[in-house]
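Summary of the model geometry
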Amino acid sequence: MTEAIRAEAITAEAIFEAMGAVVTRWTMGSAAASAASFWNAELGDDPVEAELRLLALSGQFLGATVTTEPSSALRVLPDIPALALPTVPETLRPLVRRILAASKDAASRTETVHFLAARGWTTHPADWMPDANDDDAPDVYAAWRDWAAFTAAGATTRRQTGDQLTAENWEDFWPAARKAALIGLRRRDPSAARVLLEAKLGGENADARLRLLSLLSERLSGDDAAFLEELAASDRAPKIKALATSMLARLGHGPAAGEDVAELAGFFSVKMKGLLRRSHVIHIETPKTPAQWQRRKALLDGTDLMSFSGTLGLSPQDLIAAWDWNVDPAADAGLIKLILETGTDAQLEQAAGIVSQHDATGLIVALAPRLAPAERARFAAAGLRTHGIGFEMAQVIAGAAARLDDPLSAPAGAKLLAELQRDDAKPSDHVAELHALGLLASRTAAQQTLQRLTGAGLLQGDPRLDTLRLNAALDDDGENP
């Protein structure tokens, strides 16, 4: 090494060491030119100009000499797989990013992602990606969840997947892709999906078994009873036994009524009403002590719909029809839980219809996850127009595929418009209601709603209108509910 090169290296090290003092002085709000005496000639005599020149020189020096070292060894990741649905148009990505960034929690972000999937679109991977354990992500993101699991595990060889999940290639599927494939198989061929689970479920851990077994809810039938009875009797995990027992109850295979159900029946009585058209009505006996309230709740939690109705001498359908809703909210909640966990789909739809008519729309929120998308949208629309619920509750009932026409004409819309036009209205008011309104409306309704809201005085660029703007601009290529 020549003397000239060695002198240059020493000078660079000295400059680098001096940078600490320079940055410290700037952090404290002080001038730093005096700490960079080696650049006296370049900085000049003017103190203000010297600070500006020092800033430029130090930035160039640090940019050229300092390199951030990765915390661990770098490795080449596999390409992110393409999804079955297209990415939102490039022009809408900034709007999607802003909505996702403004979401207050993961649940709110998931709502937006489900809304996009219901409309036939997916996010760009740079804007949002699920992690490997994100069970709430739409099924269309299964390939990305498995990619996240693949990269987190440090795997070097991607598993091969075929179009059809079988017992032979079960291990070739990563968990999310396996779940998505099993859902598809269950919808096409329920028996084949159950036979596959019978063969492979025992090899999974308890959490995976629970997730896979829950898929039998799709097209549940009497053909599944023997498998569920085996799980209820012999599975090593209590939560698997409980889920299998719940599904058996939905098939009318609940446990025989015992002393507990007989005790529960003591809190209720069946009476007749009407002169010409006689019908049953359930009279709910009000518990007299806190202990009795707790006991009734425990008994309701421990039975099934078939056993409870049988003890009262009624069929499940007759019990639901005869129930005196809105008299005892705790008893209403207990029966809704029974129906949700142990009732058939037909009984659940019957309960939702009756509850809606009795102005107890809040109870439909509990039933909604088991209702078909079209039913969810219908009950949400009825709640808005008949019972005056807000857009937030309507969106919870409807889910991601509502597409309601003219929701702003509902009482909640009139109330929202009036409050937005108040003299003391604030730019932060009604953020959640407007967000939900944007997810509920059909594309045409979103366009009309935007016109009405901006005509009422809201600014075109108001961030509270982001979901409405996204809805109005997004081609609706998804399936109708």
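In the block above lies the structure referred to throughout.
Counting from 1, residues in each chain are numbered in the order their sequence is written. At least 70 in pLDDT is required for a residue's local features to be given in this predicted model, at least 80 for side-chain atom pairs to be given and counted, and no such filter applies to totals for whole chains, interfaces and linings, which use all residues. Values reported for side chains reflect all heavy atoms of the structure, with hydrogen atoms and water molecules removed beforehand.

Brief notes about the pattern of salt bridges
- Criterion for a salt bridge: a side-chain nitrogen of Lys or Arg within 4 Å of a carboxyl oxygen of Asp or Glu. Scanning the entire structure with this criterion turns up 29 salt bridges.
- Of the charged contacts, one joins E375 and R378 as a salt bridge, the two residues approaching to 2.8 Å between their closest N and O atoms. Here R378 and E375 lie together in helix α19 (residues 373–386), a separation of three residues that amounts to about one turn.
- In this structure, R403 and D476 form a salt bridge, with 2.7 Å as the shortest nitrogen-oxygen distance. Here the residue R403 occupies a position in the loop between α20 (391–398) and α21 (411–420), and D476 occupies one in the segment after α24 (466–473), the gap between them amounting to 73 residues.
- Only protein chains enter the calculation, and the probe is 1.4 Å; a residue is then buried if its accessible area is under 20% of its type maximum, exposed if over 50%, and partly exposed in between. Looking at D476, the relative accessible area reads 28%, which means it is partly exposed.
- Salt bridges sharing partners connect three or more residues here, namely E90, R93, R97 and D127. Under the DSSP-based scheme used, a helix requires at least four consecutive residues in state H or I and a strand at least two consecutive residues in state E, with every element numbered from the N terminus.

Digging into α21
- Along α21, the residues that are buried comprise A412, G413, L416, L417 and L420. Viewed end-on, α21 has its buried residues packed into an arc of 135°, placing them on one side of the element.
- In this analysis, two residues are considered to be in contact whenever any of their non-hydrogen atoms come within 4.5 Å of each other. Buried residues belonging to α21 abut α19, α20, α22 (431–440) and α23 (443–455). Along the arc lie the directions from the helix axis toward the C-beta atoms.

A short note on the packing of aromatic side chains
- Note on ring pairs: Phe, Tyr and Trp rings are taken, using the six-membered ring of Trp, and paired if centres are within 6.5 Å. Classes follow the plane angle, with under 30 degrees stacked, over 60 edge-to-face and the rest tilted. Following the criterion strictly, the structure yields eight aromatic pairs and no others.
- Where W323 meets W325, the ring centres are 6.1 Å apart and the plane angle is 55°; that geometry is what we call tilted. Note on accessibility: W323 and W325 belong to one class, buried.
- An aromatic cluster is built from F268, F308, W323 and W325, whose rings are joined through pairwise contacts.
- Put simply, a charge is over a ring when the Lys NZ or the Arg CZ is close to the ring centre, within 6 Å, and near the line of the ring normal, within 35 degrees. Here the guanidinium or amino end of R378 rests over the ring plane of F379, the centre of that ring lying 4.6 Å away.

Focus: the layout of surface pockets
- A pocket, in this scheme, is an open set of points on a 1 Å grid over the protein atoms alone with protein on both sides within 12 Å along at least 5 of 7 lines, while a cavity is a set where a 1.4 Å probe fits but cannot get out; residues line either one if an atom lies within 4 Å of a point. Grid points are joined across faces, edges and corners, and a volume is the space filled by probe spheres set on the points. Space inside the second largest pocket adds up to approximately 440 Å³.
- Forming the boundary of the second largest pocket are 19 residues, of which K104, S108, V431, A432 and H435 lie nearest the centre.
- When residues of the lining of the second largest pocket are traced back to their parent elements, those giving at least two are α4 (93–102), α5 (106–118), α20, α22 and α24.
- For the lining of the second largest pocket, the element with the highest residue contribution is α22, accounting for four residues.
- Think of it as three bins: nonpolar holds Ala, Val, Leu, Ile, Met, Phe, Trp, Tyr, Cys and Pro, charged holds Asp, Glu, Lys and Arg, and polar takes everything else, Gly as well. Within the lining of the second largest pocket, the residues separate by chemical class into eight nonpolar, five polar and six charged.

A few points about unusual backbone geometry
- Although it is not a glycine, N326 adopts a positive phi angle of roughly 70°.
- In this structure N326 comes out as partly exposed when scored by relative accessible area, which is 43%.
- For D406, which is not glycine, the phi dihedral falls at a positive 50°.
- Structurally, D406 can be placed in the loop between α20 and α21.

Let's talk about helix α6 (residues 142–152)
- Of all eleven residues in α6, nine are buried; the element is thus mostly enclosed.
- All of the buried residues along α6 are A142, W144, R145, D146, W147, A148, A149, F150 and T151.
- Looking at the buried positions of α6, the neighbouring elements they touch are α7 (175–188).
- Phi for G154, located one or two positions after α6, is positive at around 70°.

Re empty space enclosed by the protein
- According to the stated counting rule, one finds one cavity of 30 Å³ or more in the structure shown.
- What the largest cavity holds in volume is close to 50 Å³.
- The wall of the largest cavity is formed by A137, P138, D139, Y141, A142, R145, A176, K179 and A180.
- Looking at the lining of the largest cavity, the elements with two or more residues in it are α6 and α7.
- The dominant element in the lining of the largest cavity, judged by the number of residues it contributes, is α7, at three residues.
- Looking at side-chain class alone, the lining of the largest cavity contains six nonpolar, no polar and three charged residues.

With respect to the nonpolar core
- Nonpolar cores were defined as sets of buried Ala, Val, Leu, Ile, Met, Phe, Trp, Tyr and Cys residues, with membership established by side-chain atoms within 4.5 Å. Among the nonpolar cores identified, the biggest contains 62 residues, and F268, I282, F308, L319, W323, L335 and L384 are the most heavily contacted of them.
- Each residue touching L319, except ones within four places of it in the same chain, is listed here: I282, L305, F308, S309, L312, L314 and L335.
- Among the nonpolar cores identified, the runner-up in size contains 26 residues, and L165, W170, L215 and A225 belong to it.

Things to note about the side chain of R178
- Note that R178 resides in helix α7.
- You can call R178 buried: its relative accessible area is 7%.
- One polar contact links R178 to E204, side chain to side chain, over a distance of 3.4 Å. Think of a polar contact as two N or O atoms within 3.5 Å of one another; within protein, one of them needs to be a possible hydrogen donor and the other a possible acceptor, and neighboring residues in sequence only count if both atoms come from side chains.

Considering the packing of helix α16 (residues 329–342) against helix α17 (residues 345–357)
- Each axis is a line fitted through C-alpha atoms, and for a helix only the stretch in contact is used; angles between axes span 0 to 180 degrees, taken between their N-to-C directions. Between α16 and α17, the least distance of the axes is 9 Å, while the angle of their chain directions is 150°. Judged by the inter-axis angle, α16 sits roughly antiparallel to α17. Here I336, I339 and L340 of α16 come into contact with α17, specifically with Q347, L348, A351 and V355.
- Residues belonging to the contact of α16 with α17 are distributed by class as follows: six nonpolar, one polar and no charged. Should an angle fall under 35 degrees it is called roughly parallel, over 145 degrees roughly antiparallel, and 65 to 115 degrees roughly perpendicular, with every other angle called oblique.

So, the environment of N471
- Tracing the sequence through the fold places N471 in helix α24.
- Along the chain, N471 and A233 lie 238 residues apart, while their C-alpha atoms are 49 Å from each other.
- Sequence-distant contacts of N471, that is, excluding residues within four places in its chain, are made with F115, R119, G438, A441, S442, R443 and A446.
- Engagement of the side chain of N471 in a polar contact is seen with the side chain of R119, the distance being 3.0 Å.

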